[in-house]
Amino acid sequence: MTEVAITGFASLDHVLALHGSPTPDATTIARCGAWPRLGGSPSYVALALGSGDGLRAIPVSWIGDDAAGADYLAAMHGAGLAVEGIERIAGGATPKTVLAYTPDGDCYCLHDPGCSTDARLSEAQRAVVARADWVCVTIGPAQAGADVLRSMRPDAHLVWVVKNDAASLQPALMRALAERARVISHSAQEAAFVEGVLGEVPRRDDCLVVQTLGARGAVASWRGHGHAVSTQILDCRDPTGAGDSFVGGLVAALVRRPDDVAAALGAGIAAAYRLLESRERPAASRGVFPPKS
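Below is a summary of the structure that appears in this document.

What counts, and where the lines are drawn
Residues numbered from 1 in each chain as written. Predicted model: local features only at pLDDT ≥ 70, side-chain atom pairs only at ≥ 80, totals over all residues. Heavy atoms only, no water. Helix = DSSP H or I, 4+ residues; strand = E, 2+ residues; numbered from the N terminus. Rg over C-alpha atoms; globule rule 2.2 N^0.38 Å. Areas by Shrake-Rupley, 256 points an atom, 1.4 Å probe, with all protein chains shown as cover. Lys, Arg positive; Asp, Glu negative; His and termini not counted. Charge placed at Lys NZ, Arg CZ, Asp CG, Glu CD. Buried < 20%, exposed > 50% of the residue type's maximum accessible area, 1.4 Å probe, protein only. Arc of directions from axis to C-beta. Contact = heavy atoms within 4.5 Å. Expected span 1.5 Å × (residues − 1). Axes fitted to C-alpha atoms, helices over the stretch in contact; angles between N-to-C directions. Parallel < 35°, antiparallel > 145°, perpendicular 65-115°, else oblique. Left-handed = near helix turned anticlockwise from the far one by under 90°. Nonpolar A, V, L, I, M, F, W, Y, C, P; charged D, E, K, R; others polar. Salt bridge = Lys/Arg side-chain N within 4 Å of Asp/Glu carboxyl O. Disulfide = S-S within 2.5 Å.

The helix and strand inventory of the protein stands at nine helices and 14 strands. The C-alpha atoms of the protein give 18 Å as radius of gyration, which agrees with the globular expectation for 293 residues (19 Å, within 12%). For the protein, the C-alpha atoms occupy an extent of roughly 55 × 45 × 40 Å along the three principal directions. With an accessible surface of roughly 13000 Å², the protein has 53% of that area assigned to carbon and sulfur atoms. Within the protein, one finds 26 positive and 31 negative side-chain charges whose respective centroids are separated by 4 Å.

Moving on: helix 5 (residues 171–180). Of the residues making up helix 5, those classed as buried are L173, M174, L177 and A178. Projection of helix 5 onto a plane perpendicular to its axis shows the buried side chains occupying an angular sector of 130 degrees, all on one side. Residues of helix 5 that are buried in the fold lie against strand 9 (134–137), helix 4 (142–151), strand 10 (157–161), strand 11 (183–187) and helix 6 (191–198).

Below, the discussion takes up helix 8 (residues 261–278). Every α-helix carries 3.6 residues per turn, so stepping three or four residues along brings you back to the same face. In this model helix 8 runs 26 Å from its N-terminal to its C-terminal C-alpha over 18 residues, within 8% of the 26 Å that 1.5 Å per residue would give. Looking at helix 8, one finds that the buried residues are V261, A264, L265, G268, I269, A271, A272, Y273, L275 and L276. On its buried face, helix 8 sits against helix 1 (41–49), strand 12 (208–212), strand 13 (218–222), strand 14 (225–229) and helix 7 (242–256).

The N-to-C vectors of helix 1 and helix 7 enclose an angle of 40 degrees; their axes lie 7 Å apart at closest approach. Judged on the interaxial angle alone, helix 7 and helix 1 are oblique. Between helix 1 and helix 7 lies a crossing of right-handed hand. Along the contact surface, helix 1 presents S41, Y44, V45, A48 and L49, while helix 7 presents D244, S245, G248, G249, V251 and A252. Along the lines of polarity and charge, the residues of the contact of helix 1 with helix 7 split into six nonpolar, four polar and one charged.

In the structure shown here, the tally under the stated rule is 16 salt bridges. With a closest N to O distance of 2.4 Å, E84 and R131 form a salt bridge. Placement of the pair is E84 in the loop between helix 2 (67–78) and strand 6 (86–89) and R131 in helix 3 (residues 123–131), with a sequence separation of 47 residues. Taking relative accessible area as the criterion, R131 reaches 35% and is therefore assigned partly exposed. A salt bridge links R120 to D147; its shortest N-O distance comes to 2.8 Å. With R120 in the loop between strand 8 (107–112) and helix 3 and D147 in helix 4, the pair connects residues that are 27 residues apart, well separated along the chain. Judged by relative accessible area, R120 falls into the partly exposed class, the value being 40%. Residues joined by salt bridges that share partners form a network here, namely R120, E123, R126, D147 and R150.

Bringing the state of the cysteines into the picture now. What the rule picks out here adds up to zero disulfides. C136 forms no disulfide, and the closest cysteine sulfur to it belongs to C207, at a distance of 13 Å. Residue classification places C136 among the buried positions, given a relative accessible area of 1%. Note on C236: no disulfide assigned, nearest cysteine sulfur contributed by C107 at a separation of 11 Å.

In structure tokens, the structure reads:
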């Protein structure tokens, strides 16, 4: 059994479809979509990775012991995700995010990190990371990121999902992640940030660097060769989690065929597409984001 630990911030997402762009001292009409919905990078990556066929995904994150934390765990159980890597912090508040989408497709993202800002790996979480064959590090508490690197097996593969977040990614941690990573995934918007980091540190010869391009697909560099994959255009108003789903599909393919970069990119695109396509079904059939009028 190949185990993949995915570390990062948890979230209960609350989705709003706005009828216009909000302005100060004025009311903007909105419709509630998913309220709440299981969110956070670890859950999205794990869902796309899937379990079975010799693969097991284990999210590693932090929630409070409040009612929202109970909702988060219930959603994890409902999605069939492992919960042994989820730490409930006594007296803490579970992270929450409001995602407000305008008719033009812009998103106002309001995030309350709750109890997770200064979290460290618990002993149980260290054990999950220590036995994992692959460890996927998404954006999370800075100290926990350092704990992950210390807890990993020397032969474990590291996947770094980059976010340009100075509070969570301090220079020493970024350098350590870049040096160790087997896979580095980032969006086109973060390209300059990533290039600045990678230009300062040596990397593994077999490091796969992937850049997602939204509706234009993804490109990658591996062992001196470039790779590209396109995607079918899908008009989805709620793309949250697509990038993390891409990583989950990518890693699932690499676990099974480590040298087939083209297949891994295709699997990543397919995983992101499945997530977005699921949100375009009529609301009555899935109980989340409202259909277009």
